[in-house]
Amino acid sequence: MIAQQTIQQILSRIDIIEIIGGFVKLKKRGANYMGLCPFHNEKSPSFTVSPAKEIYKCFGCGRSGNSIGFLMEHEKYSYVEALRWLAAKYNVEIEEKEASPEVRLQQQVADSLYIINGFAQRYFADILFNNEQGQDIGLSYLRERGFRDEILHKFQVGYCLEQRDAFAREALAAQYNPEYLQRSGLVVLRDEKLLDNYRGRIIFPVHNQSGKTIGFGARIIKSNDRAPKYINTPENELYVKSRILYGSYFARQAIDKHDECLLVEGYTDVLSLHQAGIENVVASGGTSLTVDQLRLIKKYTNHLTIIYDGDSAGIKAALRGLDMALEESLDVKLVLIPDREDPDSYVRKVGAAAFRDFVDTHKKDFILFQLEVSLKDAANDTSKKAAVVNQVAETIARINKAEDFTKQQDYIRQCAELLRIEEAGLHTLVNKFIRERIAKQENRSRNAEPADLSAEQTSQQAIPEDDETLNLLHKDEQQERGMVRSLLEFGNKIWDEHGSVADFLLAEFSDTDMIDNKQLVRILEAYRTLYAEGAEPGVKDFLYHEDPVLSALVVAIMDVNYEISHNWKEHFEGRLPTREDLYKEEVQSTLNYLKLRKIKRMMAVNQKDLENPHTSEEQLMLIRTHQHLKNLERELLHHLGTVIVK
Ligand code: ZN
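As the structure is a computational prediction, the values presented were derived from the model and not from experiment. (Residues numbered from 1 in each chain as written. Predicted model: local features only at pLDDT ≥ 70, side-chain atom pairs only at ≥ 80, totals over all residues. Heavy atoms only, no water.)

### What about the overall build of the chain?
When its secondary structure is counted, the chain shows 29 helices and 18 strands. When the 646 residues of the chain are sorted by exposure, 47% land in the buried category. Within the chain, counting contacts between residues at least 6 apart in sequence, those at least 24 apart form 66% of the total. Only carbon and sulfur atoms are counted for the fraction: they give 49% of the accessible area of the chain, which is about 33,400 Å². (Helix = DSSP H or I, 4+ residues; strand = E, 2+ residues; numbered from the N terminus. Buried < 20%, exposed > 50% of the residue type's maximum accessible area, 1.4 Å probe, protein only. Contact = heavy atoms within 4.5 Å. Areas by Shrake-Rupley, 256 points an atom, 1.4 Å probe, with all protein chains shown as cover.)

### Description of the side chain of T6
Within the element layout of this structure, T6 appears in helix 1 (residues 4-13). Leave out the neighbours within four places in its chain, and T6 touches V92, E93, I94 and E95.

### What about the pattern of salt bridges?
By the definition in use, this model includes 25 salt bridges. In this structure, the salt-bridge partner of R63 is E73, at a minimum N-O distance of 2.3 Å. With R63 in the loop between strand 4 (55-58) and strand 5 (64-65) and E73 in helix 3 (residues 67-75), this pair connects stretches of sequence that are 10 residues apart. Ionic pairing is found between K600 and E633, a salt bridge with its closest N-O pair at 3.0 Å. Residue K600 is found in helix 28 (residues 583-610), and its partner E633 is found in helix 29 (residues 616-639); the two are separated by 33 residues along the sequence. K600 sits in the partly exposed class, given a relative accessible area of 26%. (Salt bridge = Lys/Arg side-chain N within 4 Å of Asp/Glu carboxyl O.)

### As for the sheet that holds strand 10 (residues 213-220)
The strand order across the open sheet formed by four strands is 6-9-10-11, and the pairing between neighbours is antiparallel. Each end of this open sheet is capped by a strand with a single partner; those strands are strand 6 (158-159) and strand 11 (230-232). In terms of strand pairing, strand 6 meets strand 9 (residues 201-207) through two bridges, oriented antiparallel. Each residue of the ladder has a partner; that of Y159, found in strand 9, is I202. Packed onto the sheet, helix 5 (residues 101-130) meets strand 6, strand 9 and strand 10 and runs at close to 40° relative to strand 10. (Pairing = 2+ DSSP bridges. Axes fitted to C-alpha atoms, helices over the stretch in contact; angles between N-to-C directions.)

### Things to note about the packing of aromatic side chains
Tallied over the full model, the rule gives 26 aromatic pairs. Between F39 and F47 the ring centres are 6.4 Å apart and the planes differ by 65°, which places this aromatic pair in the edge-to-face class. Comparing F39 with F47, the two get one shared label, buried. Here the aromatic rings of F155 and F250 are separated by 4.4 Å at their centres, their planes lie at 50°, and the arrangement is tilted. Here F155, found in the loop between helix 7 (149-154) and strand 6, pairs with F250, found in helix 10 (residues 248-258); they are 95 residues apart in sequence, far enough to count as distant. (Phe/Tyr/Trp six-rings, centres within 6.5 Å; stacked < 30°, edge-to-face > 60°.)

### Some points on the environment of D541
Note on placement: D541 falls in helix 25 (residues 539-543). With relative accessibility at 42%, the residue D541 sits in the partly exposed group. Separated by 15 residues in the primary sequence, D541 and A526 place their C-alpha atoms 9.9 Å from one another. If we ignore the near neighbours within four places in the chain, the residues touching D541 are L530 and E536.

### Focus on helix 23 (residues 501-508)
Among the residues of helix 23, those classed as buried are V501, A502, F504, L505 and L506. The distance from a side-chain oxygen at the start of helix 23 to the backbone nitrogen of A502 is 3.3 Å, and the residue carrying that oxygen is S500. (Polar contact = N/O pair within 3.5 Å; in protein donor to acceptor, adjacent residues only side chain to side chain.)

### Digging into the coordination of the zinc ion
Only C37 (SG), H40 (ND1), C58 (SG) and C61 (SG) from the protein coordinate the zinc ion, and they sit 2.1 to 2.3 Å from it. Around the zinc ion, the four donor atoms are arranged such that angles at the metal cover 100 to 118°; this shape is classified as tetrahedral. Motif for the zinc ion, donor spacing along one chain: C-x2-H-x17-C-x2-C. Taken as a pair, C37 in the loop between strand 2 (32-35) and strand 3 (47-50) and C58 in strand 4 lie far apart in primary sequence, 21 residues in all. (Donors = N, O, S within 2.8 Å, 3.2 Å for Na, K, Ca; no water. Tetrahedral: all angles 85-135°; square planar, octahedral: opposite > 155°, others 65-115°.)

### Comments concerning the packing of helix 3 against helix 4 (residues 79-89)
At a closest axis distance of 9 Å, the pairing of helix 3 and helix 4 adopts a crossing angle of 110°. The angle between helix 3 and helix 4 places the two elements in the roughly perpendicular class. For the pair helix 3 and helix 4, the crossing hand works out as right-handed. On helix 4, the residues that touch I68, L71 and M72 of helix 3 are Y79, A82, L83, W85 and L86. Classifying every residue of the contact of helix 3 with helix 4 by side-chain character gives eight nonpolar, no polar and no charged. (Parallel < 35°, antiparallel > 145°, perpendicular 65-115°, else oblique. Left-handed = near helix turned anticlockwise from the far one by under 90°. Nonpolar A, V, L, I, M, F, W, Y, C, P; charged D, E, K, R; others polar.)

### A closer look at helix 24 (residues 518-532)
For helix 24, with 15 residues, the first-to-last C-alpha span of 21 Å sits near the 21 Å given by 1.5 Å per residue. Here helix 24 has its buried residues at Q519, L520, I523, L524 and Y527. Mapping the buried residues of helix 24 onto a view down its axis gives an arc of 145°, with all of them on the same face. Looking at the residues trailing helix 24, positive phi occurs at G534, about 95°. (Expected span 1.5 Å × (residues − 1). Arc of directions from axis to C-beta.)

### Some details on the packing of helix 5 against helix 8 (residues 166-173)
One way to put it is that helix 5 packs onto helix 8 with a least axis distance of 11 Å and a crossing angle of 130°. With respect to helix 8, the axis of helix 5 lies oblique. Seen from above, helix 5 lies across helix 8 with right-handed handedness. Facing helix 5, whose interface residues are F119, A120, Y123 and F124, helix 8 presents A166, F167, E170 and A171. For the contact of helix 5 with helix 8, the per-class residue count stands at seven nonpolar, no polar and one charged.

### As for the confidence of the model for the chain
Taken over all residues, the pLDDT of the chain has a mean of 82, while the share at 70 or more is 87%. Ranking the elements of the chain by mean pLDDT puts helix 21 (residues 455-460) last with 35 and strand 6 first with 97. Confidence over residues 562-573 falls short of pLDDT 50; this stretch has 15 contacts with residues more than four positions distant or in other chains. Per-residue pLDDT stays below 50 along residues 642-646; that stretch engages in nine contacts with residues further than four places along the chain or on separate chains. (pLDDT = per-residue confidence, 0-100.)

### Notes on the sheet that holds strand 15 (residues 331-337)
Taken in spatial order, the five strands make up an open sheet running 13-12-14-15-16, and their pairing is mixed. With partners counted over all chains shown, the strands left at the sheet margins are strand 13 (281-283) and strand 16 (364-365), one partner each. Examined bridge by bridge, strand 12 (residues 261-264) and strand 14 (residues 303-309) share three bridges and lie parallel to one another. Each bridged residue has a counterpart across the sheet, and for C261 the counterpart in strand 14 is L304.

### A closer look at the environment of E170
Mapped onto the fold, E170 is located in helix 8. Those residues in contact with E170, other than ones at most four positions away along the chain, are F119 and Y123.

### A few points about the nonpolar core
L152, V157, F167, L186, Y246 and F355 are the most contacted members of the largest nonpolar core, which has 64 residues in total. With 11 residues, the single largest contributor to this core is helix 5. Each of domain 2 (99-239) and domain 3 (241-362) contributes no fewer than three residues to this core. Once residues lying within four places of it in the same chain are set aside, the contact partners of L152 are F129, L139, L142, F147, V157 and L271. (Core = buried A, V, L, I, M, F, W, Y, C linked by side-chain atoms within 4.5 Å. Domains from an automatic or database assignment.)

Put into structure tokens, the structure is as follows:
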């Protein structure tokens, strides 16, 4: 782990214009820099970088972040990799931090497993190419299936001898720890002896994003065997099945280039397609896709094309995970390979060009495909058909409406047609599912799980117009964000003779629950702690916060176009007042607007309560409360210069 001190050193040298300018051609426009967005295709620049705020925002695709976020997004680095890249760029020497004993132990195990896996990978590859049995059985089998040596070398394919413990003996002789050897899944303990687990099998190493071996898939050669076709590494410190996409290390650049990820079932499909020059391909192992896998794909592209053989049992499994793909805003297509072929055999038969052509012309939309399959299943059964309608509506409801509004409308139209039902009816049903989901999410983000749902995600959800309370909640958040922004930007400035803006605002928020958004509350509390320790916290302390949820939120609440540009100012006689000059007004009015919102909400709740039956005493209380709130509202409106807020 990198020491905090080193991180601070790196952060202090960051020049966002220099960093992003290394990847994107930037032009100065006022106080900001603009360029063509590297994350989406555009002809006129909407990608904005603010050197003052150290953030970038694209007004076309909505991506935003700080320098580290940019490197993570653009170069697909992890947080630590981005820091190391910056350290190298700015010649900062990296000091490693002492980790906790648990973390250290886990790292130790992981390191040992990497070393063992590397050793095993080289051993098996050596057997395949240089051992007599390896050549006669393993290599000849692979060559018969049409694999050329260079592709086997590239994917580091190997062979495990058909002997009890050939590998185990080799590994023990090389002094590898027996316990870790078992943990790696390469050997098993039988009668106190370590035996090879992958005897007589072809070995496919599985690589992580930086090309290190994290596990293996071992394929049987003899087809009459009753043993399983594949044995995979058991879950351990390195091998976490739900996060693995086989081949992703070799596919990264091609996926980026083609802006499409092809997904197939097996290891050999990946190898065959690579050999044919189709490199933007990964394999899932035939199980349903997990959220982690979908996010991994989304790091590179929004377009996922699933290629399965027509009668594969894997199709249904693959479809199962795909509702989640919609929530991740992935565009999913499906291609079925005809005539009992699989991608591996089909690309061999027709060649790369025809294969690509086939994929391009036979892409089916996954929602429509799913609907066709279910409709065929339901046939004339009306109750089954009703279930299909519900299922389709729920699927469509998962499309992120804020981002893909027209897509959702398109689906409703096409599905209504296929189902032979009224479009309006399906529309209503879809909206019902959306409302239910938002209500559930609101509940979750209000009650618990602060880390799971970032404020950004919640606020991007469409808010149904007929739901008054949700509407109010949503608008409150804008005020809350404004409040926290004021604190971060102006906290260290003087408020009055008693203290700073931070003193004033922190007191205002001391014992009320004025802020609903749990993430914003976390920023507020973190600020309070830093401030109490005597620090002068600023935007940057949170912009580069170690918790990515907080840092993303801070980026989101900063507005790059807020500043009046310096050039602009020079053209005027005298000086225009800037936000800096007017900070007191901004702080006060932001606070008042927030209070006003809360009062309006309390009044709405009170009003609703009044509609219920009450004793006369309760009735009187409620009316008094209403009057009290009304007075407060009037007072605030007066301060705000009688601006009427909607
Ligand atoms: Zn963009």
